[in-house]
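As a plain string of letters, each chain reads:
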Amino acid sequence: MDLGLEGARVVVTAGAAGIGRAIVEAFLAEGARIATCDIDAEALASLPPAVFAARVDVADAAALTGFIDAAAAHLGGIDCLVNNAGIAGPTGRIEEIDLAAWQRTLDVVLTSQFVATGRAVPHLRASANASVANLSSIAGRLGFALRTPYAAAKWGVIGLTKSLAIELGPDNIRVNAILPGIVAGDRQRRVLEAKAQARGISFAEIEAEAFRATSIKDYVPPEAIASQILYLASPAGRFVSGQSLSVCGDTRMLA
Ligand code: NAD
């Protein structure tokens, strides 16, 4: 299926590895032009040369703003912004989590989306097919014990998304949130290991528990997240805005 994304100007935060990398590669395969940033210089160096890439910590608002400006200048505008950057944040009981860890999680997960979107909006307004995809999480729908900074930030992403969809709809900019479930990759392994440790149970037990309340009992491939975002960015997604779309195999509870 031709998604009509040939030549689309796409900015993805944290696109050097993980889900962001899958998003970058999926857009490239459709003939889109990509700018991305990441904190990991080594991973950035492994991106195809066609990708405009910059080393940025998205929690640094000035650096992120500079990246959006540079990306827009390089691409000649922005049609699609994917606010993908996120960190797991600390695992522990609320009384054990220090303020700096809480703040860092909110800065990377939520404030970066506020900063990047605000800066990209003038470019998106000038696009004939403008969209924003914000990465939330099923933790932003279900809540997540022992991961309060992450869950709170991801619920914040939902509020940001819905409000922006209403605010920017008259400018023909659609805004949606994607809620990945348990995605295959290193990050999820680390998250489950930390959770098993915090709960004093084995990895096998936490893994079994994680899938107990999920209808499709398998890790979601990052490509499944990417293909959802491509659809939303394509002209076919023109009337999908303000939505929170779970790509999770129907997870109903988080362990
Ligand atoms: P990841 O941990 O694999 O990291 C992806 C990339 O983010 C890496 O290249 C890393 O270097 C970069 N990064 C980390 N901190 C950064 C920062 N401060 N500034 C710039 N780049 C930074 O993450 P992922 O699993 O690919 O997750 C991507 C998004 O999807 C995040 O928003 C995450 O919260 C969300 N998500 C992931 C899962 C999952 O199971 N992996 C589930 C739900 C939601």
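Numbers given for residues are sequential positions, taken from 1 along each chain in its written order. With the structure being a predicted model, the display of local features is reserved for residues of pLDDT at least 70 and the display and counting of side-chain atom pairs for 80 or more, all residues being used for whole-chain, interface and lining totals. Only heavy atoms go into the side-chain values, all of them from the structure, while hydrogens and water stay out.

Peer 1: With reference to specific residues and values, describe the sheet that holds strand β2 (residues 33-38).
Peer 2: On the basis of which strands lie adjacent, the open sheet formed by seven strands has the order β3-β2-β1-β4-β5-β6-β7 and parallel pairing. Each having just a single partner strand, β3 (52-55) and β7 (244-247) make up the two edges of the open sheet. For this sheet, the mean angle separating the axes of adjacent strands, direction not counted, is 15°. The pairing of strand β6 (residues 173-180) with β7 spans four bridges and is classified as parallel. Residue pairing in the sheet places Ala 177 in a bridge with Ser 244 of β7. Against the sheet, helix α4 (residues 99-125) contacts β4 (80-83), β5 (130-135) and β6, and its axis sits at roughly 175° relative to β4. Against the sheet, helix α6 (residues 148-168) makes contact with β5, β6 and β7, and its axis sits at roughly 160° relative to β6, the strand it touches most. A strand pair is defined by DSSP finding two or more bridges across the two strands. Numbering of helices and strands runs from the N terminus, with a helix taken as a DSSP run of H or I at least four residues long and a strand as a DSSP run of E at least two residues long. For every element, the axis is a line fit to its C-alpha atoms; helices are fit only across the contacting stretch, and the angle between N-to-C directions ranges from 0 to 180 degrees. By definition, residues are in contact when any of their heavy atoms lie within 4.5 Å.

Peer 1: Can you lay out the site of the ligand for me, pointing to particular residues and giving the numbers?
Peer 2: Throughout, near means a residue has at least one heavy atom within 4 Å of the molecule or strand. If you check the shell around the ligand, you find 27 residues, and the closest are Ile 19, Asp 38, Asn 84, Arg 187 and Gln 188. In this structure, an oxygen atom belonging to the ligand sits 2.7 Å away from a main-chain N or O atom of Asn 84. Between Tyr 150 and the ligand, the recorded distance is 2.9 Å, taken from a side-chain N or O atom to an oxygen atom. Under the convention used here, a 1.4 Å probe and the Shrake-Rupley method define accessible areas, while residue burial counts only the protein chains that appear. Within the complex, the protein chains bury 90% of what would otherwise be the 830 Å² of accessible surface of the ligand. With respect to the pocket detection grid, the ligand is positioned in the largest pocket. Only α1 (18-29), α4, α6 and α7 (186-199) provide two or more residues apiece to the shell around the ligand. Considering every element that reaches the shell around the ligand, the biggest residue donor is α7, with three residues. Here a polar contact is recorded for every N or O atom pair within 3.5 Å, except that within protein the pair must consist of a potential hydrogen donor and a potential acceptor, and residues adjacent in sequence are included only if both atoms are side-chain atoms. Buriedness for pockets is judged along seven lines, at least five of which must meet protein on both sides within 12 Å for an open set on the 1 Å grid over protein atoms alone, while cavities are sets there where a 1.4 Å probe fits but cannot get out, and lining residues have an atom within 4 Å of a point. The way we define it, a molecule is inside a pocket or cavity when more than half of its atoms are within 2 Å of that pocket's grid points.

Peer 1: Kindly report on the packing of aromatic side chains, identifying the contributing residues and their values.
Peer 2: Put simply, two rings from Phe, Tyr or Trp (the six-membered ring, in Trp's case) pair if the centres are within 6.5 Å, and we call them stacked under 30 degrees between planes, edge-to-face over 60, tilted for the rest. Evaluated as defined, the whole model comprises one aromatic pair. Note that Arg 147 overlies the ring of Tyr 150, its terminal NZ or CZ placed 4.4 Å from the centroid. We count a charge as sitting over a ring when the NZ of a lysine or the CZ of an arginine lies within 6 Å of the ring centre and within 35 degrees of the ring normal. Here the guanidinium or amino end of Arg 238 rests over the ring plane of Phe 239, the centre of that ring lying 4.8 Å away.

Peer 1: Go over the layout of surface pockets, please, and point to the residues and values.
Peer 2: Grid points are joined across faces, edges and corners, and a volume is the space filled by probe spheres set on the points. Taken as a whole, the largest pocket encloses approximately 1,100 Å³ of empty space. Residue lining of the largest pocket: 49 residues in total, with Gly 86, Ile 87, Ala 88, Arg 187 and Arg 190 positioned closest to the centre. For the lining of the largest pocket, the elements supplying multiple residues, two or more each, are α1, α4, α6 and α7. In terms of residue count, α7 provides more of the lining of the largest pocket than any other element does, eight residues in total.

Peer 1: So what's going on with the nonpolar core? Residues and values would help.
Peer 2: What makes a nonpolar core is a set of buried Ala, Val, Leu, Ile, Met, Phe, Trp, Tyr and Cys residues whose side-chain atoms join them at distances within 4.5 Å. Three exposure classes are used, based on accessible area relative to the maximum for each residue type with a 1.4 Å probe and protein chains only: buried under 20%, partly exposed in between, and exposed over 50%. In terms of nonpolar packing, the biggest core is built from 35 residues, with Val 11, Phe 67 and Ile 68 touching the most fellow members. With nine residues, α4 is the largest single contributor of residues to this core. Other than its neighbours up to four places away in sequence, Ile 68 contacts Val 11, Ile 78, Leu 81, Ala 116, Arg 119 and Ala 120. Ala 8, Ala 16, Val 82 and Leu 135 belong to the second largest nonpolar core, which has 31 residues in total.

Peer 1: Outline the side chain of Lys 195, listing residues and values.
Peer 2: As for its position among the elements, Lys 195 is in helix α7. Sequence-distant contacts of Lys 195, defined by excluding residues within four places in its chain, comprise Thr 91, Phe 144, Ala 145, Leu 146, Ile 206 and Ala 255.

Peer 1: Tell me about the pattern of salt bridges, and name the residues and values.
Peer 2: Any carboxyl oxygen of Asp or Glu within 4 Å of a side-chain nitrogen of Lys or Arg constitutes a salt bridge here. Applying the stated criterion across every chain, the model contains nine salt bridges. Among the salt bridges present, the one from Arg 9 reaches Asp 79, with a minimum N-O distance of 2.8 Å. In this pair, Arg 9 sits in strand β1 (residues 9-13) while Asp 79 sits in the loop between α3 (61-75) and β4, placing the two residues 70 residues apart along the sequence. As a salt-bridge pair, Arg 199 and Glu 209 come within 3.0 Å of each other at their nearest N and O atoms. In this pair, Arg 199 sits in helix α7 while Glu 209 sits in helix α8 (residues 203-212), placing the two residues 10 residues apart along the sequence. Owing to a relative accessible area of 35%, Arg 199 belongs among the partly exposed residues under this scheme. Salt bridges sharing partners connect three or more residues here, namely Asp 186, Arg 189 and Glu 193.

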